[in-house]
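Next come the chains, spelled out residue by residue.
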Amino acid sequence: MKDVFNFDLRIKKPIIFIVSFGLLVTIISYFHSPVRFWVNFLINNFYFISVSLAGLFLLSLQNITNSSWMRTYQRIPEAMMAFIPYGFGLMLLAFLGHHTLYEWTHHEALHDPILIKKAAYLNIPFFLIRLTIYFALWLSASFLIRKLINSWGKDLS
């Protein structure tokens, strides 16, 4: 049985206030400067997805090398990997700003000779397909690594 951490009311109220304030500031920043909002949103997503993929890498490396010293710390990279599905949702949300973020989505870019040569790669449907494939691979890898670790943990006890 898993232990569930419950916040008491003294802690819940400030957390709810801080999160609400952060969402309000985020909405205001979108209306104040949409370009800056989308760029910051994308960089933020890249950062946290990179951290979660680092967790996936660490657990993969631990299992490949069979390093037993990492067993006591393995919950940390597992927790880092837990962001991958949320990162996928946030990247889909970031796609709403694709016209602001990516020059190749502009109609004027159709006349750029360099972008014309890259049109097979830089188009919206293929971009979404690549995004989905990458996250499907990362999610399945994180699922398999966790499943493998759990099965080894049962063998050790």
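For every chain, the first residue of the written sequence is number 1, and numbering continues from 1 along that sequence. Totals for whole chains, interfaces and linings use all residues, but because this is a predicted model, local features are given only for residues with pLDDT of at least 70 and pairs of side-chain atoms are given and counted only at 80 or more. Side-chain numbers here rest on the full set of heavy atoms in the structure, without hydrogens or water.

Participant: Even after reading the chapter, I still don't get the overall build of the chain, so can you show me in this structure?
Facilitator: The helix and strand labels rest on DSSP assignments: H or I over at least four residues marks a helix, E over at least two residues marks a strand, and numbering proceeds from the N terminus. Counting its secondary structure elements, the chain contains 7 helices and 0 strands. Shown N-terminal to C-terminal, the secondary structure of the chain runs as helices and strands in the order α-α-α-α-α-α-α. What you see for the chain is a C-alpha radius of gyration of 20 Å, clearly larger than the 15 Å of a compact globule of 157 residues, by over 25%. With the C-alpha coordinates of the chain rotated into their principal frame, the extents come out at 65 × 45 × 20 Å. Long-range contacts, defined as pairs at least 24 residues apart, comprise 67% of the intrachain contacts of the chain with a sequence gap of at least 6. Summing over all exposed atoms, the chain offers an accessible surface of approximately 11700 Å²; the carbon and sulfur share of this is 72%. Here the globule rule reads 2.2 Å times residues to the power 0.38, and the radius of gyration is calculated from C-alpha atoms. Any pair of residues with heavy atoms lying within 4.5 Å of one another is described as a contacting pair. The accessible surface values rely on the Shrake-Rupley method and a 1.4 Å probe; as for residues, cover is taken only from the protein chains in view.

Participant: Any chance you could explain the pattern of salt bridges here in plain terms?
Facilitator: Think of it this way: side chains of opposite charge can pair up when their charged atoms draw near. Salt bridge, as applied in this entry: a Lys or Arg side-chain nitrogen positioned within 4 Å of an Asp or Glu carboxyl oxygen. Applying the stated rule across the entire model yields 2 salt bridges. Note that Arg10 is salt-bridged to Asp8, the shortest N-O span being 2.9 Å. Arg75 is the partner of Glu78 in a salt bridge, and the nearest nitrogen-oxygen pair spans 2.7 Å. Within this pair, Glu78 and its partner Arg75 are both found in helix α3 (residues 75–81), separated by 3 residues, close to a single helical turn.

Participant: Any chance you could explain the environment of Val4 here in plain terms?
Facilitator: Looking at the element boundaries, Val4 is found in the segment before α1 (9–32). Sequence separation between Val4 and Ile27 is 23 residues, and the spatial gap between their C-alpha atoms is 32 Å.

Participant: Even after reading the chapter, I still don't get the packing of α1 against helix α2 (residues 34–65), so can you show me in this structure?
Facilitator: Packed helices, taken two at a time, are described by the angle their axes make and the gap between the axes. Axis geometry follows a simple rule: fit a line to the C-alpha atoms, using only the stretch in contact for helices, then measure angles between N-to-C directions, giving values from 0 to 180 degrees. Contact geometry of α1 with α2 gives a least axis separation of 5 Å together with a crossing angle of 130 degrees. Here α2 runs oblique to α1, going by the angle between their axes. Residues Thr26, Ser29, Tyr30, Phe31 and His32 of α1 form the contact with α2, whose participating residues are Pro34, Phe37 and Trp38. In this count, Pro and Cys sit with the nonpolar residues alongside Ala, Val, Leu, Ile, Met, Phe, Trp and Tyr, while Asp, Glu, Lys and Arg are called charged and the others, Gly among them, polar. For the contact of α1 with α2, the per-class residue count stands at 5 nonpolar, 3 polar and no charged. Roughly parallel means an angle under 35 degrees; roughly antiparallel means over 145; roughly perpendicular covers 65 to 115; every other angle is labelled oblique.

Participant: So what exactly am I meant to see when it comes to the packing of aromatic side chains here?
Facilitator: The description of two aromatic rings rests on the distance between their centres and on the angle between their planes. Note on aromatic contacts: the rings of Phe and Tyr and the six-membered ring of Trp form a pair at centre separations within 6.5 Å, being stacked when their planes are under 30 degrees apart, edge-to-face when over 60 apart, and tilted otherwise. Tallied over the full model, the rule gives 17 aromatic pairs. Plain terms: the ring middles of Tyr30 and Trp38 are 6.0 Å apart, the flat faces sit at 85 degrees to each other, and that makes the pair edge-to-face. Three exposure classes are used, based on accessible area relative to the maximum for each residue type with a 1.4 Å probe and protein chains only: buried under 20%, partly exposed in between, and exposed over 50%. Accessibility expressed as a relative area gives 32% for Tyr30, which makes it partly exposed. Note on Tyr102 and Phe127: the rings are 5.3 Å apart at their centroids and 55 degrees apart in plane angle, and the pair reads as tilted. With Tyr102 in the loop between α5 (98–101) and α6 (113–117) and Phe127 in helix α7 (residues 124–156), this residue pair connects regions lying 25 residues apart in the sequence. By relative accessible area, Tyr102 is classed as buried at 17%. The exposure class assigned to Phe127 is buried, which follows from its relative accessible area of 15%. Through successive ring pairs, a cluster of aromatic residues spans Tyr30, Phe31, Phe37, Trp38 and Phe41. Geometrically, a lysine NZ or arginine CZ counts as sitting over a ring once it is within 6 Å of the ring centre and also within 35 degrees of the ring normal. Against the face of Tyr121 rests Arg130, its NZ or CZ located 3.9 Å from the ring centre.

Participant: Looking at this structure, how should I read the packing of α2 against helix α4 (residues 84–94)?
Facilitator: Direction vectors running N to C along α2 and α4 enclose 160 degrees, while the axes themselves pass 10 Å from each other. Compared by their axis directions, α2 and α4 come out roughly antiparallel. Here α2 and α4 pass one another in a crossing that is left-handed. Residues Trp38, Phe41, Leu42, Asn45, Phe46, Ile49, Ser52 and Leu53 of α2 pack against Ile84, Gly87, Leu90, Met91, Leu93 and Ala94 of α4. Of the residues that constitute the contact of α2 with α4, the class distribution is 11 nonpolar, 3 polar and no charged. Working rule for handedness: look at the near helix, and if it is turned counterclockwise from the far one by less than a right angle, call the crossing left-handed; if clockwise, right-handed.

Everything listed here is a matter of coordinates, which is why it stays silent on function.
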